[in-house]
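Overview (structure and organization)
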Amino acid sequence: MQPSNFHSHCTFCDGRSHPEDFIKFAIAQNFRAYGFSSHSPLPFATSWNMPILDMPEYFNEIKRLKKKYAGQIEIYLGMEIDYLDDTYNPSISMFRSLPLDFRIGSIHFLPWKYPLEEDNMSSIDCAYKDFEKMVKNHYRGDIRRVVSDFFRSTIDMIESGGFDIVGHLDKIYFNGCNHPGFDMTADWYQKPLTECIDLIAQKEYIVEINSKNFAPRQQIYPHFNVLKTLYDHHIPVMVNSDSHSPVLINSGRNEALTLLRAVGYQSTRELVDGTWQDVPIE
């Protein structure tokens, strides 16, 4: 099975290289398909989201690359869209109307007050010292409340729809695992996680196995222990490296595929000639 990657960030958001650099590297690595998924615009400016005014240029550049490298690699135009609340998420008309090949729905922020501004957001995908400060200041040190809010937002995102792929399903453990009182085996963690998985199965979404942190932290999202549950629920999966640099486009992929095979998966769900198909794991 030739490699592919459908979660990737270039210079249109917080990636470190131009889109064409990723494609050249992917072709050199014998990739079958490559998907760009720049971070969606938000109702406030950040250092890592794509500004709304840059979207037309982003679309045009990926379309240019599709044409230039046709016959060498399949290139797909996507976006990683944040769920903030019921007013700003992948299901709103602004995102549904975009000419995208695929959409990833993800949680990076938990609003703790309104309006939707950066100072009113609790980031779960940040440096641990910032996460620790957030839990202390906005949650009075209660990590269980953070977990509850994260999975509540995830459930709301799954219910509202507007995307194809659930991005890094349990990314809350990225920082949470270092915080006192965090316990992935506790009922207050497992119950909402199970609710998310049940709902994903019902809605028939794809779950990405995010391998970005396998090499540096020995982590994948969702956690290793969740893979068998996904398999038992007949949930299709894909392996994505969430790469921000060309040299990392295949990072952790082989290890993640080995883990998937171990729990029973024989294929991943990917875009092939523009349609979602099951690609055998060799």
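For the structure itself, consult the block above.
In what follows, the accompanying structure is described.

Reading the values: rules and limits
- Residues numbered from 1 in each chain as written.
- Predicted model: local features only at pLDDT ≥ 70, side-chain atom pairs only at ≥ 80, totals over all residues.
- Heavy atoms only, no water.
- Pairing = 2+ DSSP bridges.
- Helix = DSSP H or I, 4+ residues; strand = E, 2+ residues; numbered from the N terminus.
- Contact = heavy atoms within 4.5 Å.
- Axes fitted to C-alpha atoms, helices over the stretch in contact; angles between N-to-C directions.
- Buried < 20%, exposed > 50% of the residue type's maximum accessible area, 1.4 Å probe, protein only.
- Lys, Arg positive; Asp, Glu negative; His and termini not counted.
- Salt bridge = Lys/Arg side-chain N within 4 Å of Asp/Glu carboxyl O.
- Polar contact = N/O pair within 3.5 Å; in protein donor to acceptor, adjacent residues only side chain to side chain.
- Expected span 1.5 Å × (residues − 1).
- Arc of directions from axis to C-beta.
- Phe/Tyr/Trp six-rings, centres within 6.5 Å; stacked < 30°, edge-to-face > 60°.
- Core = buried A, V, L, I, M, F, W, Y, C linked by side-chain atoms within 4.5 Å.

Some remarks on the sheet that holds strand β3 (residues 74-82)
Ordered by their spatial adjacency, seven strands build an open sheet running β1-β2-β3-β4-β7-β8-β9, and the pairing between neighbours is parallel. One side of each edge strand has no neighbouring strand; the edge strands of this open sheet are β1 (4-5) and β9 (237-240). In this structure, strand β8 (residues 206-210) lies alongside β9, joined through four bridges in parallel fashion. Each bridged residue has a counterpart across the sheet, and for Asn210 the counterpart in β9 is Asn240. Contacts from helix α2 (residues 55-68) reach β2 (33-39) and β3, with the element oriented near 155° to β3.

What about the side chain of Asp85?
Looking at the element boundaries, Asp85 is found in the loop between β3 and α3 (93-96). Despite its burial, Asp85 remains without a salt bridge, the nearest opposite charge being carried by Arg152 at 13 Å. A polar atom in the side chain of Asp85 sits 3.1 Å from the backbone nitrogen of Tyr88.

Brief notes about the pattern of salt bridges
Counted by the stated rule, this structure contains 13 salt bridges. The residue Glu74 makes a salt bridge to Arg32 at a minimum N-O spacing of 3.4 Å. Residue Glu74 is located in strand β3, and its partner Arg32 is located in the loop between α1 (19-28) and β2; the two are separated by 42 residues in the primary sequence. Given a relative accessible area of 14%, Arg32 falls into the buried group. Put simply, Arg253 and Glu270 hold a salt bridge, and the shortest N to O gap is 3.6 Å. With Arg253 in helix α10 (residues 253-263) and Glu270 in strand β10 (residues 267-272), this residue pair connects regions lying 17 residues apart in the sequence. Take Arg253: its relative accessible area is 4%, and that puts it in the buried class.

Examining the side chain of Glu20
Note that Glu20 resides in helix α1. Engagement of the side chain of Glu20 in a polar contact is seen with the side chain of Tyr69, the distance being 2.5 Å. Apart from residues lying up to four places away in sequence, Glu20 is in contact with Arg64, Leu65, Lys68 and Tyr69.

Describing the pairing of strand β4 (residues 102-106)
Among the five residues of β4, five are classified as buried, and the element is accordingly described as predominantly covered. Alternating positions in β4 separate into two faces, Phe102, Ile104 and Ser106 on one and Arg103 and Gly105 on the other, with burial throughout. Judged from the five bridges that link them, β3 and β4 form a sheet pairing that is parallel. Counterpart to Gly78 in the pairing with β4 is Phe102. Bridge analysis of β4 against strand β7 (residues 165-166) gives two bridges, and the strand direction is parallel. Pairing of Gly105 across the sheet is with Val166, part of β7.

Some remarks on α2
Compared with an ideal rise of 1.5 Å per residue, which puts 14 residues at 20 Å, α2 spans 20 Å between its outermost C-alpha atoms and is within 8% of the ideal. Residues of α2 that are buried include every one of Met55, Tyr58, Phe59, Glu61, Ile62 and Leu65, and no others. Down the axis of α2, the buried side of the element spans an arc of 165°, and every buried residue falls inside it. Summarising the geometry of α2, the exposed residues directed more than 90 degrees from the buried face are Asn60 and Lys67. Against the buried residues of α2 lie α1, β2 and β3.

Here's the deal with the packing of aromatic side chains
The tally for this structure, following the rule as stated, stands at 20 aromatic pairs. Pairing Phe22 with Phe36 gives two aromatic rings, centres 6.3 Å apart and planes at 85°, and the pair type is edge-to-face. Of this pair, Phe22 sits in helix α1 while Phe36 sits in strand β2, placing them 14 residues apart in sequence. Here Phe22 matches Phe36 in class, with each residue buried. Taken together, a centroid distance of 5.2 Å and an interplanar angle of 70° make the contact between Tyr34 and Phe36 edge-to-face. For Tyr34, a relative accessible area of 0% translates into the label buried.

Digging into the nonpolar core
Residues Val146, Ile172, Tyr189, Ile209, Leu230 and Leu260 are the most contacted members of the largest nonpolar core, which totals 49 residues. Elements that contribute at least two residues to this core include exactly α4 (128-139), α5 (143-160), α6 (172-176), α7 (187-203), β8, α9 (227-232), β9 and α10. Per-element accounting of this core gives the leading share, eight residues, to α5. Among all residues touching Leu230, those that are not within four sequence positions of it are Ile197, Val207, Ile209, Pro222, Ile235, Val237 and Tyr265. Of all hydrophobic cores here, the second largest spans 34 residues; its members include Cys10, Phe22, Ile81 and Tyr88.

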